[in-house]
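Secondary and tertiary structure notes
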Amino acid sequence: MAPGILVPDSRPLETVNRPDEWKIEQGLHGGKLPFLDQTGDRPVEILPREWPKPYKDECAIKAVGDRDELFKAEKQGWKGYVEWEKFPEKKAKAHTILTSQSFPPNPEFQMGPIPDTNPVLPGTHWKMWHHAIAGELQSVPEDSWETVLREKHPEMLHLLQFPYNGEAPKRLVTAKAVTPNNLHFVRNHGGIPLIDEAKFTLDLDGLVNEPKTFTMKDLMDETRFPRIKKMITMQCSGTRRIEQITLYAGQGDEVPQAPWAEGAIGTAEYVGISLKKVIKACGGLKDGAKHLEFYGADTYFKDNEVMNYVVSVPWGKVKANEVLLCWEMNGQRLPAIHGFPLRAMVLGYIGARGVKWIYRIKAIENPSLAPVQSKEYLYFNQQVGKHNQRPTDGIQIQEMPVSSAIMSPWTTQVVIHNGSIHCKGWAYSGGGRWPERVELSADGGFSWYPVPLENLSKKSKWSWRTWEIDLPCEVEGWIEIVCRTWDNALNTQPLSVRAAWNWGLHVTSSAHRIKVYSINKKRPATASKLKMFEQTGSPLAPITWPEEFVTQGWDEYRKFWEKHDPRDVDD
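Quick caveat, the model's predicted, so the values are computed rather than measured. (Residues numbered from 1 in each chain as written. Predicted model: local features only at pLDDT ≥ 70, side-chain atom pairs only at ≥ 80, totals over all residues. Heavy atoms only, no water.)

1. What to know about the overall build of the protein chain
Definition in use: Secondary structure elements follow DSSP: runs of H or I of four or more residues count as helices, runs of E of two or more count as strands, with numbering from the N terminus. Burial classification: accessible surface area is computed with a 1.4 Å probe over protein chains only, and a residue below 20% of its type maximum counts as buried, one above 50% as exposed, and the rest as partly exposed. What makes two residues a contact is simply this: any of their non-hydrogen atoms within 4.5 Å. Reported accessibility uses the Shrake-Rupley method at a 1.4 Å probe radius. Residues are deemed covered only where the shown protein chains occlude them. Residues scored as charged are limited to Lys and Arg (positive) and Asp and Glu (negative), so that His and the chain ends carry no count. To locate a charge, the coordinates of NZ of Lys, CZ of Arg, CG of Asp or CD of Glu are taken.
When you go through the protein chain residue by residue, the secondary structure sums to 14 helices and 27 strands. Relative to its 571 residues, the protein chain shows a buried fraction of 47%. Counting only contacts in the protein chain whose residues sit at least 6 apart along the sequence, the fraction spanning at least 24 positions is 71%. Carbon and sulfur atoms provide 53% of the accessible area of the protein chain, an area that totals close to 29000 Å². For the protein chain, the centre of its 70 positive side-chain charges and the centre of its 71 negative side-chain charges are spaced 6 Å apart.

2. Digging into the packing of helix α5 (residues 124-133) against helix α6 (residues 140-151)
For clarity, the cut-off: Axis definition: a line fitted to C-alpha atoms, limited for helices to the stretch in contact. Angles are taken between N-to-C directions and run from 0 to 180 degrees. Roughly parallel means an angle under 35 degrees; roughly antiparallel means over 145; roughly perpendicular covers 65 to 115; every other angle is labelled oblique. Residues are sorted three ways: Asp, Glu, Lys and Arg are charged, Ala, Val, Leu, Ile, Met, Phe, Trp, Tyr, Cys and Pro are nonpolar, and all the rest, Gly among them, are polar.
Following both chains from N to C, one finds α5 and α6 inclined at 130 degrees, their axes separated by 9 Å at the closest point. The orientation of α5 relative to α6 falls into the category oblique. Residues Lys127, His130 and His131 of α5 form the contact with α6, whose own contacting residues are Val140, Pro141 and Glu142. For the contact of α5 with α6, the residue count by class is two nonpolar, two polar and two charged.

3. A few points about the nonpolar core
Note the threshold: Put simply, buried Ala, Val, Leu, Ile, Met, Phe, Trp, Tyr and Cys residues joined by side-chain atoms within 4.5 Å make one nonpolar core.
Residues Ile133, Leu275, Phe294 and Leu325 are the most contacted members of the largest nonpolar core, which totals 115 residues. Leaving out residues up to four positions away in the same chain, Ile133 has contacts with Arg67, Phe71, Trp84, Ala94, Ile97, Leu98, Phe301 and Val306. Judged by nonpolar contacts, the second largest core, of 19 residues, contains Val438, Leu440, Ile469 and Ile481.

4. Examining the pairing of strand β20 (residues 403-408)
Where we set the bar: Note on pairing: DSSP must find at least two bridges between two strands before they are called paired.
In terms of residue burial, β20 counts as a mostly covered element, since five of its six residues are buried. Here β20 pairs with strand β22 (residues 420-428) via five bridges, running antiparallel. When the sheet's bridge partners are listed, Ser404 is paired in β22 with Ala427.

5. Here's the deal with a nonpolar patch on the surface
The condition is simple: In this analysis, a patch consists of residues with relative accessible area above 30% that form no salt bridge, clustered at 9 Å for like charges and at 5 Å for the nonpolar side chains Val, Leu, Ile, Met, Phe, Trp and Tyr. For salt bridges, the criterion is a side-chain nitrogen of Lys or Arg within 4 Å of an Asp or Glu carboxyl oxygen.
On the surface, Val414, Ile416, Trp478, Leu540 and Ile543 cluster together to form a nonpolar patch covering roughly 420 Å² of accessible area. Following the sequence through the fold, Ile416 ends up in strand β21 (residues 414-417).

6. Re the environment of Lys230
Among the secondary structure elements, Lys230 is positioned in strand β10 (residues 228-235). Exposure remark for Lys230: the relative accessible area of 30% places this residue in the partly exposed category. Sequence separation of Lys230 and Gly272 is 42 residues, and the distance between their C-alpha atoms is 8.6 Å.

7. Section: the side chain of Ser100
For clarity, the threshold we go by: Two N or O atoms count as a polar contact when they lie within 3.5 Å, although within protein this holds only if one can serve as hydrogen donor and the other as acceptor, and sequence-adjacent residues are included solely when both atoms are side-chain atoms.
Its location among the elements puts Ser100 in the loop between α4 (88-99) and α5. At 2.6 Å, the side chain of Ser100 and the backbone oxygen of Thr96 are in polar contact. Apart from residues lying up to four places away in sequence, Ser100 is in contact with Tyr55, Lys56, Asp57, Ala60 and Ile61.

8. Structural notes on the pattern of salt bridges
Under the definition given, this model contains 26 salt bridges. Measuring nitrogen to oxygen at the nearest pair gives 3.0 Å for the salt bridge that ties Glu69 to Lys72. Salt bridges sharing partners connect three or more residues here, namely Glu399, Arg433 and Asp487.

9. Some remarks on α6
A turn of α-helix holds 3.6 residues, and therefore any two residues three or four places apart point the same way. For clarity, the cut-off: One fewer than the residue count of a helix, multiplied by 1.5 Å, yields its expected span.
For α6, with twelve residues, the first-to-last C-alpha span of 16 Å sits near the 16 Å given by 1.5 Å per residue. For α6, the set of buried residues is Val140, Pro141, Asp143, Ser144, Trp145, Thr147 and Val148. Of the surrounding secondary structure, the elements contacted by the buried residues of α6 are β3 (78-79), α5, β4 (157-160) and β7 (194-195).

10. Some remarks on unusual backbone geometry
A cis geometry characterises the amide bond from Asn118 onward to Pro119, with omega recorded as 15 degrees. Of note, Pro119 is situated in the loop between α4 and α5. In this structure, the amide linkage connecting Phe162 to the following residue, Pro163, adopts the cis form with an omega of -10 degrees. Look at Arg240: it is not a glycine, yet its phi comes out positive at around 65 degrees. Of note, Arg240 is situated in the loop between β10 and α9 (241-247). If you check the backbone angles, Asp303 has positive phi at about 50 degrees while not being a glycine. Summarising the element assignment, Asp303 is placed in the loop between β12 (291-302) and β13 (305-314). The class of Asp303 is partly exposed, set by a relative accessible area of 48%.

11. Quick notes on the pairing of β4
Both β4 and strand β5 (residues 165-167) contribute to a ladder of three bridges, which runs antiparallel. Counted as the bridge partner of His158 is Gly166 from β5.

12. As for the packing of α4 against α5
Think of two packed helices as two axes; the pair is described by the angle between the axes and how far apart they sit. Cut-off, in case you're wondering: Each helix crossing is assigned a hand: it is left-handed if the near helix lies turned anticlockwise from the far helix by less than a right angle, otherwise right-handed if that turn is clockwise.
Relative to each other, α4 and α5 sit at 120 degrees, their axes nearing to 10 Å. By the angle between their directions, the pair α4 and α5 is classed as oblique. Seen along the crossing, α4 lies across α5 with a hand that is right-handed. For the pair α4 and α5, contact is made by Ala94, Ile97 and Leu98 and by Trp129, Ala132 and Ile133, respectively.

13. A short note on the sheet that holds strand β25 (residues 465-472)
The sheet built from three strands is open, its strands ordered β20-β22-β25 with antiparallel pairing. Of all strands in the sheet, those bounded by a partner on one side alone are β20 and β25. Averaged over all neighbouring strand pairs, the angle between strand axes comes to 30 degrees, with direction disregarded. Both β22 and β25 contribute to a ladder of eight bridges, which runs antiparallel.

14. A short note on the UniProt feature "domain: Moybdenum cofactor oxidoreductase dimerisation" (unreviewed entry) in the protein chain
Stated precisely, the cut-off is as follows: UniProt positions are given in the numbering used here, feature names are shortened, and annotations may be inferred rather than shown by experiment.
The feature "domain: Moybdenum cofactor oxidoreductase dimerisation" (unreviewed entry), as annotated in UniProt, sits at residues 396-517 in this numbering. Helix makes up 0% of residues 396-517 and strand makes up 44%, while its end C-alpha atoms are separated by 40 Å.

15. Considerations on the sheet that holds strand β8 (residues 201-206)
Taking strand neighbours across the sheet as the criterion, the five strands line up as β9-β8-β17-β12-β13 in an open arrangement whose pairing is mixed. In the strand order of this sheet, the two ends are held by β9 (212-215) and β13, each with one partner. Strand-to-strand, the axes of this sheet are offset by a mean angle of 25 degrees, without reference to chain direction. Two strands pair when backbone bridges link them, and β8 and strand β17 (residues 358-364) are joined in this way by four bridges, in the parallel orientation. Residue pairing across strands places Gly206 opposite Ala363, the latter belonging to β17. Its contacts with the sheet put α4 on β12 and β13, and the angle it makes with β13 is roughly 125 degrees.

Written out as structure tokens, the structure reads:
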């Protein structure tokens, strides 16, 4: 056969198409797409795992003992709290229970459709884990949801029912410069303990000269601890995560990666005391103590292990009076969902360090080895992923970078305007920095317009600034509106989401981009056409629906070509 001559292949073609084959081929259902291993002589498909049939070793679980007795209430007046950190044998028994049975797989929504429900994700795993341990954890999922319904605004977006993750809808996020308690976002890592303030105590131990236990009455005694009132913005590192997910899927901790939008941020006025003063009341720190470990009363699960929620902050942050123990939020006692009766607020840091229901503070030498601190909330290089990641490859997230978001209009929204589009949003920078300038662009980031200073909320060291602007826009059709912020140190945001993407899906600090369809009513032809929609009752929305009236009569059509050259030429 001569080289280069093609001959028909007589082998039969494979006919194994599925009804959703085209969606899989186009990446619209990537969760069903096989891996393609090209390292051998011929490509090999590695198919998504077929989940094994559920199993439960009742004998092994029964051998652990009476769960209601093993995991009973630790303290009178503390419902939903189990002390894990002081009892390794209790942790071991819980581990046996969890590994003696199987649980269903996590839902795949990053590479498939996000549910249309509210709550969006139910948190099935976490509910089942709590019920499996039983005892004091048995009713925690149900009690927590009752607390959500009681304390949160009815229009909250419940991204994860349990443990509860929720944010306000866009139209309400920046409706006020100070976020109402019932609209403030919540990122919980476990259930909500219900604690009687009169029975509450805070232990301060570890590398302190005089370990002590404090009641709320002790902490609120102004003769011992002067009160501090601060306006504080708290931001979750998952804020705007939906932009990273939409671009490229990733993976973080064992909580399903809640598809946070722009509302995982809130600003409130807190009242409390400086942790530094409480440490001073304990005779100060011993030599070598460089970190303070915070313990939360909620129960956290990771890798079939059970623990209390534990993180740490450096002594330098405490020494600067930038770590508060707070009991009041916007003039009211802390809601249960926000940490009643006491929570930590770490100014300018990631929200995960602001431990709710804090009951113990331990002075230690090095950063906490607890998983939330050492293995989660890490910022990885973009080439790090499931195939190669190690916790030590990540940067522990502490101070939040400068960021901003457009709250109105919404992406893919059609905006009818008279030459300018009214935009609203927020801007924030962590670490004690503040937004100095907010800029918007209506052409994808080529031309920038500053938000007038009078349209920015008050400047403050630890809080956001809300803003609004009439953004000039003469063009029509699809446009890209971009928002970026400069803080007082002249830090600004990277211009692309890709520049901020990371395997943990944390800190979407890139300039916020939305695409909107611009209809400029200032243009005579547009104004005339819009009037025809109104007169004929033809539907204007959605923009993709064809108009239901004649837009140009034949007489007008013919007259046009009488005055203009035809589409083609003779020669």
